[in-house]
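This is what each chain is made of:
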Amino acid sequence: MPKAIYPGSFDPITYGHLDIIERAEKIFDDLIVGVVENPRKETLFSPQTRKELVEEATSEEGINVSRVITFSGLLVNCAKKYNRKSIVRGLRANSDFEYEFQMALTNRDLAPEIESVFLMTSGEYSFLSSSIVKEVKGLGGDVSSFVPQVVERRLVEKFDLK
Ligand code: PNS
């Protein structure tokens, strides 16, 4: 029964992430989404809120994930803790490659038994990122084609819009 972890900042989760989760669900029997607690970049939402938004967004879209967790420290240690041999990451464009390659090889060095698996996002989301969503919503734009309603509502609250 292949098990995987799909890690990320998810600040916040977008339709691009959900597209990758749906694709991963077809390959893996048991998928955990891992929300990093201490990302390299500063986040808009707390780890707990980012986790809740992943849970609420997957539920709103009728997507099944085994579990959503938060983790701190090394990703490979988290993968080992939950008995995962695969790390899923989404690729949007060429520009993602260098960063992903560096992370995958670092993780392989740290834990050779864990494999990184890359899934291509749908073309319609290849431009989409959490940063773009935050920028557009922060400036009062409509992000309904980028994120589920539950996420847009939380962004409206956060930016004190309306
Ligand atoms: O959504 P992101 O910000 O691109 O996700 C990055 C993430 C969380 C996968 C990466 O920062 C990570 O794995 N952080 C945990 C720390 C770690 O294991 N670092 C060593 C591998 S580069």
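Residue positions are given per chain, counting from 1 as you read along its sequence in written order. Only residues with pLDDT of at least 70 get local features here, since the model is predicted, and only at 80 or more are side-chain atom pairs given and counted; chain-wide, interface and lining totals rely on the full set of residues. Computation of side-chain values: all heavy atoms of the structure, hydrogens and water removed.

As for its placement among the helices and strands, Ala 111 is situated in the loop between helix 4 (94-110) and strand 5 (115-120). Burial here depends on accessible area, computed with a 1.4 Å probe over protein chains only, as a share of the maximum for the residue type. Under 20% is buried, over 50% is exposed, and the range in between is partly exposed. On the accessibility criterion, Ala 111 (1% relative accessible area) is buried. Placed 32 residues apart in sequence, Ala 111 and Ala 79 show a C-alpha to C-alpha distance of 9.7 Å. Under the DSSP-based scheme used, a helix requires at least four consecutive residues in state H or I and a strand at least two consecutive residues in state E, with every element numbered from the N terminus.

Further remarks concern unusual backbone geometry. Omega for the bond connecting Asp 11 with Pro 12 falls within 30 degrees of zero, at 0°, which places this linkage in the cis form. Note that Pro 12 resides in the loop between strand 1 (3-8) and helix 1 (15-27). Notably, Phe 10 is not glycine yet its phi reads approximately 50°, a positive angle. The residue Phe 10 is located in the loop between strand 1 and helix 1 in this model. Even without being glycine, Asn 83 reaches a positive phi, approximately 60°. Examined against the element boundaries, Asn 83 turns out to sit in the loop between helix 3 (75-81) and strand 4 (86-91). For Asn 83, a relative accessible area of 46% translates into the label partly exposed.

Quick look at the site of the ligand now. Any residue with a heavy atom lying within 4 Å of a molecule or strand is counted as near it. Around the ligand, 13 residues are found, and the nearest of them are Ser 9, Lys 41, Leu 75, Arg 89 and Asn 107. Polar contact is the term for a pair of N or O atoms within 3.5 Å; when the atoms are in protein, one must be able to donate a hydrogen and the other to accept it, and sequence-neighboring residues count only if both atoms are side-chain atoms. Within the side chain of Lys 41, a nitrogen or oxygen atom sits 3.1 Å from an oxygen atom of the ligand. Surface accessibility in these figures is a Shrake-Rupley result with a 1.4 Å probe; residues are shielded only by whichever protein chains are displayed. Taken by itself the ligand offers 540 Å² of open surface, and the protein chains cover 83% of this. It is helix 4 that provides the largest number of residues to the shell around the ligand, a total of three residues. The classification used treats Ala, Val, Leu, Ile, Met, Phe, Trp, Tyr, Cys and Pro as nonpolar, Asp, Glu, Lys and Arg as charged, and all other residues, Gly among them, as polar. Its residues assigned to classes, the shell around the ligand shows six nonpolar, four polar and three charged.

Moving on: the packing of aromatic side chains. Pairing of aromatic rings covers Phe, Tyr and Trp, the last through its six-membered ring, and needs centres within 6.5 Å; plane angles under 30 degrees mean stacked, over 60 mean edge-to-face, and all others mean tilted. In total, this model carries four aromatic pairs according to the counting rule given. Both rings, one in Phe 97 and one in Phe 101, keep their centres 5.2 Å apart while their planes meet at 25°; by these two values the pair is stacked. A residue pair is termed a helical-turn pair when its members lie 3 or 4 positions apart in one helix, as Phe 97 and Phe 101 do in helix 4 at four residues. Judged by relative accessible area, which is 43%, Phe 97 ranks as partly exposed. Of the residues examined, Phe 101 reaches a relative accessible area of 44% and is grouped as partly exposed.

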